[in-house]
Amino acid sequence: MLISCGDALIDFVPTRNAAGREAVMPAVGGSCLNVAIGMARLGAPTGFVGGVSTDLFGQMIADHAAASNVQLDLATRSDHQTTLAFVRIVAGESHYAFYDAGTATRNWSYRRGTIPFADIEAVHVGSTTLVNDKGAAETEALIADAQASSTISFDPNCRPNLVKDKPAYVARMMAFAASADLIKMSDVDFAYLFGEESYQQRAEMLLGQGTRLVVLTRGKDGAVAWHAGAGQIEVAAPKVEVADTIGAGDSFQAALLFALHKQGRIARDRLKDIGADELRRALSFAANCAGLTCTRPGADPPWSHEVTWSV
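Right, let's walk through the structure included here.

Cut-offs and rules
Residues numbered from 1 in each chain as written. Predicted model: local features only at pLDDT ≥ 70, side-chain atom pairs only at ≥ 80, totals over all residues. Heavy atoms only, no water. Helix = DSSP H or I, 4+ residues; strand = E, 2+ residues; numbered from the N terminus. Rg over C-alpha atoms; globule rule 2.2 N^0.38 Å. Buried < 20%, exposed > 50% of the residue type's maximum accessible area, 1.4 Å probe, protein only. Contact = heavy atoms within 4.5 Å. Pairing = 2+ DSSP bridges. Axes fitted to C-alpha atoms, helices over the stretch in contact; angles between N-to-C directions. Salt bridge = Lys/Arg side-chain N within 4 Å of Asp/Glu carboxyl O. 1 Å grid on protein atoms, 1.4 Å probe; cavity = no way out; pocket = protein on both sides within 12 Å on 5 of 7 lines; lining within 4 Å. Points joined across faces, edges and corners; volume = space filled by probe spheres on them. Nonpolar A, V, L, I, M, F, W, Y, C, P; charged D, E, K, R; others polar. Core = buried A, V, L, I, M, F, W, Y, C linked by side-chain atoms within 4.5 Å.

Details of the overall build of the protein
Phase 1: In terms of regular secondary structure, the protein is built from 9 helices and 15 strands.
Phase 2: For 311 residues, the compact-globule estimate of 2.2 N^0.38 gives 19 Å, and the protein sits close to it at 18 Å.
Phase 3: The principal-axis extent of the C-alpha atoms belonging to the protein is close to 55 × 45 × 40 Å.
Phase 4: Counting every position in the protein, which comprises 311 residues, the buried fraction comes to 55%.
Phase 5: A sequence separation of at least 24 residues applies to 70% of the contacts in the protein between residues at least 6 apart.

Brief notes about the sheet that holds strand β9 (residues 93-99)
Sheet strands associate in pairs through backbone hydrogen bonding, adopting either a parallel or an antiparallel arrangement.
Phase 1: An order of β3-β2-β8-β9 is seen for the 4 strands of this open sheet, with the pairing classed as mixed. Looking at which strands have only one partner, the edges of the open sheet turn out to be β3 (22-29) and β9. For this sheet, the mean inter-axis angle between neighbouring strands, taken without regard to orientation, is 30°.
Phase 2: As judged from the 7 bridges shared by strand β8 (residues 83-90) and β9, these two strands associate in the antiparallel manner. Across the sheet, Phe86 pairs through a bridge with Ala97, a residue of β9.

Considering the side chain of Arg41
Phase 1: One can find Arg41 in helix α1 (residues 31-42).
Phase 2: Classification of Arg41 as buried rests on a relative accessible area of 7%.
Phase 3: Setting aside residues no more than four positions away along its own chain, Arg41 makes contact with His64, Ser68, Asp300, Pro301, Pro302, Trp303 and Ser304.

As for the sheet that holds strand β11 (residues 151-155)
Phase 1: The strand order across the open sheet formed by 9 strands is β6-β4-β1-β10-β11-β12-β13-β14-β15, and the pairing between neighbours is mixed. Strands with a single pairing partner mark the edges of an open sheet, and in this sheet they are β6 (70-71) and β15 (231-235).
Phase 2: The strands that helix α5 (residues 187-194) touches are β11, β12 (182-186) and β13 (213-217); relative to β12, the one it contacts most, it runs at about 95°.

Structural notes on the pairing of strand β14 (residues 223-227)
Phase 1: Taking burial as the measure, the 5 residues of β14 include 5 buried ones, the bulk of the element.
Phase 2: Every second residue of β14 is oriented toward a common face, with Ala223, Ala225 and His227 on one face and Val224 and Trp226 on the other, all of them buried.
Phase 3: Pairing analysis gives 5 bridges linking β13 to β14, with the strands arranged antiparallel. Each bridged residue has a counterpart across the sheet, and for Leu216 the counterpart in β14 is Val224.

So, the pattern of salt bridges
Opposite charge on two side chains permits pairing when their charged atoms draw close.
Phase 1: For the structure on display, the rule yields 15 salt bridges.
Phase 2: Asp100 is the partner of Arg106 in a salt bridge, and the nearest nitrogen-oxygen pair spans 3.2 Å.
Phase 3: The salt bridge involving Arg212 is made with Asp269; its shortest N-O contact spans 4.0 Å. Highlighted residues: Arg212 in the loop between α6 (199-208) and β13 and Asp269 in helix α8 (residues 268-272), separated in sequence by 57 residues.
Phase 4: The exposed category is assigned to Asp269, whose relative accessible area is 55%.
Phase 5: Sharing partners across several salt bridges, the network here consists of Arg41, Arg296, Asp300 and Glu306.

Re the environment of Ala141
Phase 1: Inspection of the secondary structure puts Ala141 in helix α3 (residues 133-146).
Phase 2: Overall, Ala141 belongs to the buried group, its relative accessible area being 17%.
Phase 3: Ignoring anything within four residues of it in the chain, the contact list for Ala141 reads Tyr110 and Arg112.

Considering the environment of Val125
Phase 1: In this structure, Val125 sits in strand β10 (residues 122-126).
Phase 2: Separated by 119 residues in sequence, Val125 and Gly6 place their C-alpha atoms 6.2 Å apart.

A look at the layout of surface pockets
Phase 1: Each pocket or cavity is described by its volume, and for the largest pocket that value is around 1,200 Å³.
Phase 2: Glu93, Ser186, Thr245, Ala248 and Gly249 are the residues nearest the centre of the largest pocket, which is lined by 48 residues in total.
Phase 3: Contributing elements (two or more residues each) for the lining of the largest pocket: β2 (9-16), α1, β9, β12, α5, α7 (248-263) and α9 (276-294).
Phase 4: At 5 residues, β9 tops the list of elements feeding residues into the lining of the largest pocket.
Phase 5: Along the lines of polarity and charge, the residues of the lining of the largest pocket split into 18 nonpolar, 18 polar and 12 charged.
Phase 6: Of the voids in this model, the second largest pocket is the one considered here, and its volume is about 280 Å³.
Phase 7: As for the second largest pocket, its lining consists of 14 residues, of which Val131, Asn132, Leu162, Val163 and Lys164 are closest to the centre.
Phase 8: Take the lining of the second largest pocket: its biggest share by element is 3 residues, from helix α4 (residues 166-178).

Quick notes on the nonpolar core
Phase 1: Grouped together as the largest cluster of nonpolar side chains are 51 residues, with contacts concentrated most on Ile115, Phe117, Val123, Leu142 and Phe154.
Phase 2: Apart from residues lying up to four places away in sequence, Phe154 is in contact with His124, Val125, Gly126, Leu130, Met173, Phe176, Ala177, Ala180, Leu182, Ile183 and Lys184.
Phase 3: Ile233, Ile274, Ala282 and Ala286 belong to the second largest nonpolar core, which has 35 residues in total.

Here it is as structure tokens:
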């Protein structure tokens, strides 16, 4: 099984009403839930770990997860409210206003001993759950239990408007990166964390500390990956008509993890020995899934019947 641990929320996605005025449409989201949805829709056995409310929006989340074949038995249901995020598109990039105080996601606690890590191939973590102290500490505890047997996947998915102390946040992201076998980030995340630093220089540093695979997504410019054995590999982004980019990075992450799972390369030692052609196929598949997600509004990752995968 693959699991994703972190945020589950409701995005209010920009749209237009019948009179042509600006409006918003509720859509289930949250980076880590999106990753779980994406993996499950492609056919991987998938679970979600995190806080899910029992309120109206929480039920929307639960129904959406169930419809996408995501197992929620490892999630924590509570009567805390659901996190809400309002989205605006500025110069092609999604910008978020979060309402997250006292929510189910913010109050999630890792229930030690409840996750059968020996049966978990990979654990994905990242995004807004890692901004606050409690969420970060609970995720660190989960990783400490998981990493003996499970591959750790990490995407910082930075949300600068939630960060109060940037140096402390950057240090925290580097600590999570040090625990990760696979790191994926966008070029926007990279610029926020590392400024004008060379992509390759940072990737080589991360590989040197034990990370198996580093991937940088660059929107319409595709993605580039660094791997100690397979080298540096670039793949193009498909040309699509973009509705919005919400969930595109999460769809990429989900599809990459799914592809590695299908190739039998997701285990830490197997990922270490992946070949360049295998990795290129996995990255291209991920880019195509992200491109398809961009053609429809909100975080709506593709189903297996919508994409072609060959090992």
